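# A look at the structure
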Amino acid sequence: DTEVTQTPKHLVMGMTNKKSLKCEQHMGHRAMYWYKQKAKKPPELMFVYSYEKLSINESVPSRFSPECPNSSLLNLHLHALQPEDSALYLCASSQDGTPFSFSEQYFGPGTRLTVT
Amino acid sequence: GENVEQHPSTLSVQEGDSAVIKCTYSDSASNYFPWYKQELGKRPQLIIDIRSNVGEKKDQRIAVTLNKTAKHFSLHITETQPEDSAVYFCAASRNDMRFGAGTRLTVKP
């Protein structure tokens, strides 16, 4: 299995809702990443997990809460989001547990989130 | 932190021509430079990468060059095909990953 999968593909939520995004990989990769991508913009790094521990948090608001339950799964819990949080949320993984250490990042297809 | 600038923002070429996209970076300690291709509505996919100890790398029609002194690197695509049409992102990495703003490449048949 050489894919990163993400669910759901699309999500519409109100500002008072709580929802979660899910990411899964079965390639034995030890680093996993969350990115946010607005339309016509590059991906922006949000969080990095290395060996299931949070190693980088790019000053993301607390309404985004990441979780890594095991080496194959990465979740992003969403609560009290704002309309400007609407974007494509991409998950990625890389083989080496040291983030960004020259190993290719494999991206999932993303979850397109709309906050109303 | 790292700042990556990418040019041009749009590029239109005729099928069979070459395309060149250029990026500059600010952090001289950056040591890994990947290029990603993102087709409309799809995920970014790595097309080529280069490490700081190498000056040039080639993979069939795609090549990347790196000038560490000038802190710039370039993507070269030869014999372009319509399926090369996409947005291309450069990135520079040391302890994190910063992407350039992207180049929308259109290859006209």
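Everything below is about the structure shown above.
For the structure given in this document, a descriptive report is provided here. (Residues numbered from 1 in each chain as written. Chains lettered and ligands numbered in written order. Predicted model: local features only at pLDDT ≥ 70, side-chain atom pairs only at ≥ 80, totals over all residues. Heavy atoms only, no water.)

Turning to the pattern of salt bridges, a few remarks are in order. By the definition in use, this model includes eight salt bridges over all chains. Here A:Arg30 and A:Glu52 are joined by a salt bridge, their closest N and O atoms 3.5 Å apart. Of this pair, A:Arg30 sits in the loop between strand E3 (18-25) and strand E4 (31-37) while A:Glu52 sits in the loop between strand E5 (44-50) and strand E6 (53-57); the two residues are 22 residues apart in sequence, bridging distant segments of the chain. Assessed through its relative accessible area of 31%, A:Arg30 is described here as partly exposed. Its relative accessible area of 34% is what places A:Glu52 among the partly exposed residues. Taken together, the salt bridges that share partners define one network made up of A:Glu58, B:Asp96 and B:Arg98. (Salt bridge = Lys/Arg side-chain N within 4 Å of Asp/Glu carboxyl O. Helix = DSSP H or I, 4+ residues; strand = E, 2+ residues; numbered from the N terminus. Buried < 20%, exposed > 50% of the residue type's maximum accessible area, 1.4 Å probe, protein only.)

Let us look at the side chain of B:Gln38. Tracing the backbone shows B:Gln38 in strand E4 (residues 32-38). Note on B:Gln38: relative accessible area 10%, which makes it buried. Among the polar contacts listed, one links the side chain of B:Gln38 to the side chain of A:Gln37, at a separation of 2.8 Å. When sequence neighbours within four positions are dropped, the list of residues in contact with B:Gln38 reads A:Gln37, A:Leu88, B:Arg43, B:Pro44, B:Ala86, B:Val87 and B:Phe89. (Polar contact = N/O pair within 3.5 Å; in protein donor to acceptor, adjacent residues only side chain to side chain. Contact = heavy atoms within 4.5 Å.)

The next thing to look at is the interface of chain A and chain B. Contact with chain A, which involves 20 residues of that partner, is made by 19 residues of chain B. Counting each side, the surface lost to burial between chain A and chain B is near 1,700 Å², with a carbon and sulfur contribution of 57%. The interface formed by chain A and chain B includes two salt bridges. Between A:Glu58 and B:Arg98 there is a salt bridge whose closest N-O contact spans 3.5 Å. Our count for the contact surface shared by chain A and chain B stands at four residue pairs in polar contact (both at pLDDT 80 or more). For the side of chain A that touches chain B, the elements supplying multiple residues, two or more each, are E4 and strand E9 (87-94) of chain A. (Buried area = accessible area lost by both parts, 1.4 Å probe.)

This part covers the environment of B:Phe99. By the element assignment, B:Phe99 lies in strand E10 (residues 97-99). Exposure remark for B:Phe99: the relative accessible area of 9% places this residue in the buried category. The contact partners of B:Phe99, leaving out residues within four places of it in the chain, are A:Tyr35, A:Pro42, A:Pro43, A:Phe107, B:Val4, B:Tyr36, B:Phe89, B:Cys90 and B:Ala91.

Bringing the packing of aromatic side chains into the picture now. Using the criterion set out here, one finds 11 aromatic pairs over all chains in the structure. Here A:Tyr35 and B:Phe99 contribute two aromatic rings whose centre-to-centre distance is 5.9 Å and whose plane-to-plane angle is 80 degrees, an arrangement assigned as edge-to-face. Of this pair, A:Tyr35 sits in strand E4 while B:Phe99 sits in strand E10, each in a different chain. (Phe/Tyr/Trp six-rings, centres within 6.5 Å; stacked < 30°, edge-to-face > 60°.)

Turning our eyes to something else, we now look at the state of the cysteines. Residues and elements named next belong to chain A. Under the definition given, this model contains two disulfides over all chains. Residue Cys 23 pairs covalently with Cys 91 via a disulfide, S to S 1.9 Å. An S-S torsion of about -70 degrees defines the bridge between Cys 23 and Cys 91 as left-handed. You can see Cys 23 sitting in strand E3 and its partner Cys 91 sitting in strand E9, a full 68 residues away along the chain. Here Cys 23 falls in the buried class, since its relative accessible area comes to 0%. Residue class for Cys 91 comes out buried when judged on its relative accessible area of 0%. Residue Cys 68 stays outside any disulfide, its sulfur separated by 9.2 Å from that of Cys 23, the closest cysteine. Here Cys 68 falls in the buried class, since its relative accessible area comes to 14%. (Disulfide = S-S within 2.5 Å.)

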